[in-house]
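Each chain, letter by letter, is given below.
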Amino acid sequence: MPCRVVLVTGLRAAVLTGKGYSSDGSEKFWTVTGDNVSAMAFCDVDQDGRNELLVGSDDFDVRIFVGEDVIAEVPEADQFVALAAVVGPRFGYALVNGTIGLYDRLERVWRVKSKHSVCAIASYDLDGDGLPELISGWSNGRMEVRRADTGEVVYRDHLSCPVAAILRADYRNDGMEQVVVCGVEGEVRGYLPLDLEVAPGVAAEVDFSEQQAAVAELAQRKQELMYELASYSNMRQQARDTPTDRGSLIPSDTRVDSYIAINKEAASCDLVLRTSNDSSVIRGVVVFGEQIFDEESLFVYPKNPDTSLAVPLKPLKDVSVVLMIKVLVGGRTATMFHVFELEIELPKFALYAAVDKGAFPEPASSVTFSVSERIPRLCAWVESRFNLKATTAGRNDTLEAYFLCLRDKAPLGIKAVPVAGQVQVTLRTDSLDTAGELVGDLAAYLGLTDLSSTADFPAAMKAFGEVLNAVDEHNITRLRMNADMADASNAAKQLIIKAEDARILADMKAMRKYYRQLADLNRDLIVEHDKRATNHVALLESLREVNQMIQRAARLRVGASKAKVVTACRAAIKNNNMAALFRIIREGDGPV
Amino acid sequence: MELELFRQDLIQTSTCSAGTLAVTSLVLGKGKSQRDKIFVAAGNQIKGVNKKGKEFFRFNTQLTETIRRVDIFEKNIWSAGEYVHNHFIEGKDKALYLCPDRINAAEVVPLAGPTELWPVLACQDRYVRLLRGSEVCYEAPTPAAPVSLQYVVESHDPQHRFPDAKEVLYGTDTGSLVQLLMEPNSARQGFVLPNPKKLGAVSAVYSGIDFTKTGLNNIVIGREDGSIEVLDLEEGGQLRTVFSTKLTESINALDGGFLTGLLAQEFVLHTFSGKVISFAPPGGGLLVSNPEPGRGGLGGALGGQRKSHAVALPGAEEEERRASYLKQIDRLRADISVLKQEIEAERSRFAQRGGDTALLAMSAPFTVQDKCKLEADEACYVLSIESAVPIFTVAIQSNAQLQMLDVPSNVAILSRSPPDETNGNLTLATYRCQDSTNRLAVKFKVREGRAASLSAFVLPAISPKACVCVRHTIRPLCLHQRIQQMDTSRPTNELLITGSFASGDVHAWVTGLLPDLPPTLPPGQDGASYVFQNTLLGTQLLCRYRGGEARFVSDLVSTLGIIHEHIMREATNSKLRVNVSFNPSAQSLQHSVALVWPQLERQRALKKTYMMLEGLQELKMQDGDVSYLTEEYRTVLDRADKIRQEYKEQPQHLDHLVALIKDLYLDFCKLSGVSTPKQRLPALEQLLHDTSSSLEQLMEFLLGQR
């Protein structure tokens, strides 16, 4: 039976592309994903008996591939460090911001964050309970083993230096696998799974400290409950005694309302918080949210506390996040504050301000597609994704809405007109990325599995044409320089032989001459190499842009249409058929 | 660990109910017939309670301060407040002593015979004072502010060199422990336990049990960061740690005795949130709770039997211990389920009555213990916060730029918010705690110069949700630390301020400038004199002032510049006219730089060798034999690990020192009226980084043409 080994690489150099190779070196698989690929793993996420390919990329998404089709996308909060299959449909992940966690199919089971950064993850059944754990290695040298089902730490160790990698192998050739953890400074530690029968004494001792810990934990829990109970009884007593420091108390019916408002001057969307009465003021707000702050939270502390407070939010990309808000509310002279806990969802396109038609020139580029849906459904989508209060402007049978992105002041127009029993949607924007984001989100909202579209982006296509030209130029330069290089290296070889001959013949004068020539040649070679290297970097950069373009074009479509764009573009590039490439990007289809 | 001790969580005190005053001190009587009487102090009252729990004695001291420590011996009562120490006999004032600084701890020691007890005070101004009546017999200087004090009946004096001396152990806020052998006329310092690992302040000391069977009682210390150590005094007078462990909250008190059984003595501690935990040697610490009525669960009858068991079957005790733990877990689980039901009932009752959640939150303000302390070795501040309930987040706000540093023991995730200058917040940050955490340390660097404030908002993880805010002032000269003596050999600059101000005014100005000073002048004094050391630069400052005149002497001009600025502003605010004469000296600049120079030289040499190390090691790997290298390089290779370690510990240090000399230069130019040529700074930086430059070259540069 022929053995097929498929090697999958996510190349940083040929960024955005994933390639598969078989054992004979031929390419078996090619696709693009959202951004630079930083982590990959095989895991049978859908439990169909065949492994899927998980790809974590720098746009914070894990994409799950079956062949060239993306069957699911899992958004996360940061760039990926690693992905690791754990057991069955479970896989672990590690992020640049110090988070590790575990998914079961597409549901996150648990996650933890640390102030250190995670270097490597792996999975192995170290505690001998028959279920593999998630093992993580950290920048401070810590190595942690966490249970897959709860995230609870079952074992911990410390290396003297940051962890470089975690591997598992039968390293000692004794038929038993070990987990091997390597540090960046060369420290290597091996771990064997815990075998309860081999070391009963050890187990007994562990047992003991566990009980002590259990007692301590229960005691702590009891104390917390007693605290809560005490607050009730204290309150009863105080209600009788009439409290003296009413100053720090706020009326019992105080509420805190929150909404999101566009602030055009500051180019931000503001989270506005307001208390329901005059005697309670907001002393401060702590907002937790992923991906919208430099770090994980924002603390706002006004100089003069008032009954309302605006927290400016400037999300760096279009994401829908749930904000966890802690509002400190107290009387005007209070030293103690009541904590109001709120949650509010920031709409995905919150930073787009609604504008009147004609307030800004309409973008020249657009993407158009047809969906078999009713207009009100599309209106509902716009309302839920954009920060809109009122029903979208327009008559009943058409939808017309105009926005301005406060981030880069780019206008956006959304238009839906019923055409022949379907609704034709036109998104006018100059940015392919924005268009792709909108198409993807709309398709997900409407539950579409396939969507093809026509893209008309003259400016972007012109720029793309230049990129393609640049690729050609760099390629030509590369070939020419390679030929020069071959000549020069032949000359170098000859010079060495001549010089060595002269040395054996003790003709020092000739030898010196040849070596001098060799040194000159060497210098030239180095200069040539620098040029080549520069050219190579430029080439890679251009190739990256080409791949990005394919990805952008693909994102204007959904499902099978999307996959078709990728394969068609790839074929067009291989055949160097630029005209076809342009048409594929525009029409979503073309000769393959 | 050489000593095996078993932890046992005993009971929980409930939170103090509203309306009653907190008990601040609890002791047993020291008189012969009083040994079974409990005396407690709350507010300014002292109460006596007998074995049956009946109050038999009550005394209102009429003091304005809260009593922090009380001692009773027959008809004598000693009470220590924040600044006042009193002695009462039969309820009548006998003696009063007003302390120049805060009293952190107090004891009474039988120095002149078994019935003649003299008070000993541990004071914030770094003295342990012995009192006789209202007079101070003598003051023993301490290396740092003493925060705990314990009279030890059986002295740790194995050679019996001082048979008449009484031993007192005190713990300091820098974490060291010192033995003081006191006699009526003098005190001698005995052993010292240093604190190289920078553990927390020693908050409690106890010595009364000989766990290690060496004939001398072990010393148990409890620290503010929750660590506990059991020490053994060796023949040579060296202390050795025989047991150590760490709790998650600070330790407030320590004692010992027969607690859970009659077989072995154990020590017991009380933590900040009210937990009582005992540590017992093997054979003790077994809570066998089949309480017969009237026996109080002490299980005394079981004692004899158990002993024979333990001898016969070595595994028996383990079995029993396990059973005891299991029983305890069961009991706790039962308690918790009862509590849960009660809370559920309360909740529904509360909801029915349309309860006031705000009132609920405010009615159970959890206690937060916090401390903002200068870490002298690193010239940075550590704000430690401990809360009675688990912390969800601590939000930090300051109007000064604080550089937040990492604390290795912290698991909280720091998240900085961008500075918000329109609201005057130059530092905004949150620390989010993940697991159940009650403690948090926030470490930061701050520059001297301006007064600033720091607020920390503690948000609890459990309901009801109230938020407690703690505030601290950062004084303009916040990096200065009190010392006892001025080094007179240094060249100094002087700032003299005269005018029609009272001694109280100038004291208020100085306390606004410098940390660690009493809020008012010591009674009966018109002036004061304090010496400080700059923890960052090692420069010194002498403040000597009285009504109408204040003199500040320092070897660092910038310190005087800050004082000048501050006092001028304060005086203008209170509409007082002051005259200033300022006298800077070039020599002092030279001196200040020379003080930093060795450090700088060492750091940059270290950096150089560190950078070289990699290359050298590669040579060694390739060639194997490196005998061709010079002696210098070979030693570098031999010391590779050590160099790496050193470099790792202080990677920022060099940059910091360079910045410091640059600042010094700028300050000097500013204060001596030279227009600062900022364009010379890059050259200065290069000179400082260049490993071949010498101190002379630097001096020439600093004092050269400007």
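Because the structure is a prediction, the values reported are computed rather than measured. (Residues numbered from 1 in each chain as written. Chains lettered and ligands numbered in written order. Predicted model: local features only at pLDDT ≥ 70, side-chain atom pairs only at ≥ 80, totals over all residues. Heavy atoms only, no water.)

1. Quick look at the nonpolar core
1) Next: The biggest cluster of nonpolar side chains holds 56 residues, and the ones touching the most others in it are F369(A) and F386(A).
2) Next: Residue contributions to this core peak at seven residues, all from helix 3 (residues 432–446) of chain A.
3) Next: Taken domain by domain, the makeup of this core includes at least three residues from each of domain 4 (352–448) and domain 5 (458–587) of chain A.
4) Next: Other than its neighbours up to four places away in sequence, F386(A) contacts P347(A), F349(A), Y352(A), F403(A), L412(A), I414(A) and L438(A).
5) Next: The next biggest cluster of nonpolar side chains, apart from the first, holds 36 residues, and it includes L402(B), A429(B), C433(B) and A456(B). (Core = buried A, V, L, I, M, F, W, Y, C linked by side-chain atoms within 4.5 Å. Buried < 20%, exposed > 50% of the residue type's maximum accessible area, 1.4 Å probe, protein only. Helix = DSSP H or I, 4+ residues; strand = E, 2+ residues; numbered from the N terminus. Domains from an automatic or database assignment. Contact = heavy atoms within 4.5 Å.)

2. Some thoughts on the UniProt feature "domain: BBS2 C-terminal helix bundle" (unreviewed entry) in chain A
1) Next: Per the UniProt record, "domain: BBS2 C-terminal helix bundle" (unreviewed entry) is found at residues 562–586 of chain A.
2) Next: As annotated, residues 562–586 of chain A comprises 88% helix and 0% strand, and the C-alpha atoms at either end are separated by 13 Å. (UniProt positions renumbered as here; feature names shortened; annotations may be inferred.)

3. Topic: the packing of aromatic side chains
1) Next: Inspection of every chain in the model, using the stated rule, returns 26 aromatic pairs over all chains.
2) Next: Taking the centre distance of 6.0 Å and the plane angle of 70 degrees together, the rings of Y155(A) and Y191(A) count as edge-to-face. Here Y191(A) lies in strand 18 (residues 188–191) and Y155(A) lies in strand 15 (residues 153–158), a separation of 36 residues in the sequence.
3) Next: Sitting over the ring of F392(B), K326(A) keeps its end group 4.3 Å from the ring centre.
4) Next: Lying across the ring of F56(B), K37(B) places its NZ or CZ 5.9 Å from the centre. (Phe/Tyr/Trp six-rings, centres within 6.5 Å; stacked < 30°, edge-to-face > 60°. Lys NZ or Arg CZ within 6 Å of the ring centre and 35° of its normal.)

4. What to know about the UniProt feature "domain: Ciliary BBSome complex subunit 2 middle region" (unreviewed entry) in chain A
1) Next: On the UniProt side, "domain: Ciliary BBSome complex subunit 2 middle region" (unreviewed entry) is annotated at positions that read residues 39–146 of chain A here.
2) Next: Its end C-alpha atoms 20 Å apart, residues 39–146 of chain A is made of 0% helix and 64% strand.

5. Regarding the sheet that holds strand 7 (residues 76–80) of chain B
Residue and element names in this part refer to chain B.
1) Next: The strand order across the open sheet formed by four strands is 6-7-8-9, and the pairing between neighbours is antiparallel. On the outer flanks of this sheet lie strand 6 (69–73) and strand 9 (92–98), each paired with one strand and no other. Across the sheet, the mean angle separating the axes of adjacent strands is 15 degrees when strand polarity is ignored.
2) Next: Pairing between strand 7 and strand 8 (residues 84–89): five bridges, direction antiparallel. For S79, the partnering residue across the bridge sits in strand 8 and is N86. (Pairing = 2+ DSSP bridges. Axes fitted to C-alpha atoms, helices over the stretch in contact; angles between N-to-C directions.)

6. Some points on the domain arrangement of chain B
All names here are of chain B.
1) Next: The domain boundaries assigned to chain B delineate domain 1 (205–309), domain 2 (314–355), domain 3 (367–474), domain 4 (480–583) and domain 5 (587–702).
2) Next: When each unit is reduced to the centre of its C-alpha atoms, the spacing between domain 4 and domain 5 is 34 Å.
3) Next: Taken residue by residue, the interface counts 13 residues in domain 4 and 12 residues in domain 5.
4) Next: Each partner contributes to the roughly 1,100 Å² buried at the junction of domain 4 and domain 5, and carbon and sulfur atoms together form 73% of this total.
5) Next: Summed over the three residues of domain 4 that lose the most area to domain 5, namely P491, L537 and V557, the buried surface amounts to 42% of that side.
6) Next: Where domain 4 meets domain 5, there are zero salt bridges.
7) Next: Counting every contact that joins domain 4 to domain 5 gives zero residue pairs in polar contact (both at pLDDT 80 or more). (Buried area = accessible area lost by both parts, 1.4 Å probe. Salt bridge = Lys/Arg side-chain N within 4 Å of Asp/Glu carboxyl O. Polar contact = N/O pair within 3.5 Å; in protein donor to acceptor, adjacent residues only side chain to side chain.)

7. Topic: the domain arrangement of chain A
1) Next: Domains assigned within chain A are domain 1 (7–194), domain 2 (195–230), domain 3 (269–346), domain 4 (352–448) and domain 5 (458–587).
2) Next: For domain 2 of chain A versus domain 5 of chain A, the distance between C-alpha centres works out to 64 Å.

8. Things to note about the confidence of the model for chain A
All names here are of chain A.
1) Next: Taken as a whole, chain A shows an average pLDDT of 82; of its residues, 89% reach a score of 70 or greater.
2) Next: In the model, residues 10–16 has pLDDT below 50 throughout and makes 25 contacts with residues more than four positions away in sequence or in other chains.
3) Next: Below a pLDDT of 50 lies the segment residues 199–206, which in the model reaches two contacts outside its immediate sequence neighbourhood of four places, other chains included. (pLDDT = per-residue confidence, 0-100.)

9. Let's talk about the interface of chain A and chain B
1) Next: With 59 residues of chain A in contact, the opposing surface of chain B contributes 85 residues.
2) Next: Approximately 6,900 Å² of surface area, both sides summed, lies buried where chain A meets chain B, with 62% of it carried by carbon and sulfur atoms.
3) Next: Taken together, the connections running from chain A to chain B amount to four salt bridges.
4) Next: The interface formed by chain A and chain B contains 12 residue pairs in polar contact (both at pLDDT 80 or more).
5) Next: Among the secondary structure elements, those contributing two or more residues to the side of chain A that touches chain B are strand 11 (107–113), helix 1 (200–241), strand 21 (281–288), strand 22 (297–300), strand 24 (321–330) and strand 25 (336–346) of chain A.
6) Next: The element best represented in the side of chain A that touches chain B is helix 1 of chain A, accounting for 28 residues.
7) Next: Classifying every residue of the side of chain A that touches chain B gives 28 nonpolar, 15 polar and 16 charged. (Nonpolar A, V, L, I, M, F, W, Y, C, P; charged D, E, K, R; others polar.)

10. Details of unusual backbone geometry
1) Next: One non-glycine residue, Q291(A), lies in positive phi territory at about 70 degrees.
2) Next: Structurally, Q291(A) is set in the loop between strand 21 and strand 22.
3) Next: Residue Q291(A) is classed as buried on the basis of its relative accessible area, which comes to 19%.
4) Next: Its identity as a non-glycine residue notwithstanding, K213(B) has a phi of 55 degrees, on the positive side.

11. Structural notes on the packing of helix 6 (residues 560–574) of chain A against helix 7 (residues 578–587) of chain A
Residues and elements named next belong to chain A.
1) Next: Closest axis-to-axis distance for the helix 6/helix 7 pair is 8 Å, and the angle between their directions is 165 degrees. With respect to helix 7, the axis of helix 6 lies roughly antiparallel. Taken as a pair, helix 6 and helix 7 cross one another with a handedness that is left-handed. Residues V565, A568, C569, A572 and I573 of helix 6 pack against A580, L581, I584 and I585 of helix 7.
2) Next: Broken down by class, the residue content of the contact of helix 6 with helix 7 amounts to nine nonpolar, no polar and no charged. (Parallel < 35°, antiparallel > 145°, perpendicular 65-115°, else oblique. Left-handed = near helix turned anticlockwise from the far one by under 90°.)

12. Describing the pattern of salt bridges
Where charged atoms from two side chains of opposite charge approach closely, those side chains can pair.
Residues and elements named next belong to chain A.
1) Next: For the structure shown, the criterion picks out 64 salt bridges over all chains.
2) Next: Across the pair E144 and R146 runs a salt bridge whose closest N-O atoms are separated by 3.0 Å. Residue E144 shares its accessibility class with R146, and that shared class is buried.
3) Next: One salt bridge connects D149 with R147, and the closest N-O pair in it is separated by 3.0 Å.
4) Next: Among the charged side chains, a network of salt bridges with common partners joins K348, R385, E437, D441 and R555.

13. Focus: empty space enclosed by the protein
All names here are of chain A.
1) Next: Enumeration according to the criterion identifies nine cavities of 30 Å³ or more in this entry.
2) Next: One number sums up the size of the largest cavity: a volume of about 80 Å³.
3) Next: Lining the largest cavity are 14 residues, and of these F360, Y402, F403, P411 and L412 lie nearest its centre.
4) Next: Of all the secondary structure elements, the ones that give two or more residues to the lining of the largest cavity are strand 28 (399–405) and strand 29 (410–419).
5) Next: The greatest single-element share of the lining of the largest cavity, amounting to three residues, is contributed by strand 29.
6) Next: The residue makeup of the lining of the largest cavity, split by class, is nine nonpolar, two polar and three charged. (1 Å grid on protein atoms, 1.4 Å probe; cavity = no way out; pocket = protein on both sides within 12 Å on 5 of 7 lines; lining within 4 Å. Points joined across faces, edges and corners; volume = space filled by probe spheres on them.)

14. Looking at the sheet that holds strand 10 (residues 99–104) of chain A
Residue and element names in this part refer to chain A.
1) Next: The strand order across the open sheet built from four strands is 8-9-10-11, with neighbouring strands paired in antiparallel fashion. Two strands close off the open sheet at either side, each with one partner strand: strand 8 (80–87) and strand 11. This sheet shows a mean twist of 15 degrees between the axes of neighbouring strands, independent of strand direction.
2) Next: One ladder, built from five bridges, connects strand 9 (residues 90–95) with strand 10; its direction is antiparallel. Across the sheet, residue A94 finds its bridge partner in strand 10, namely I100.

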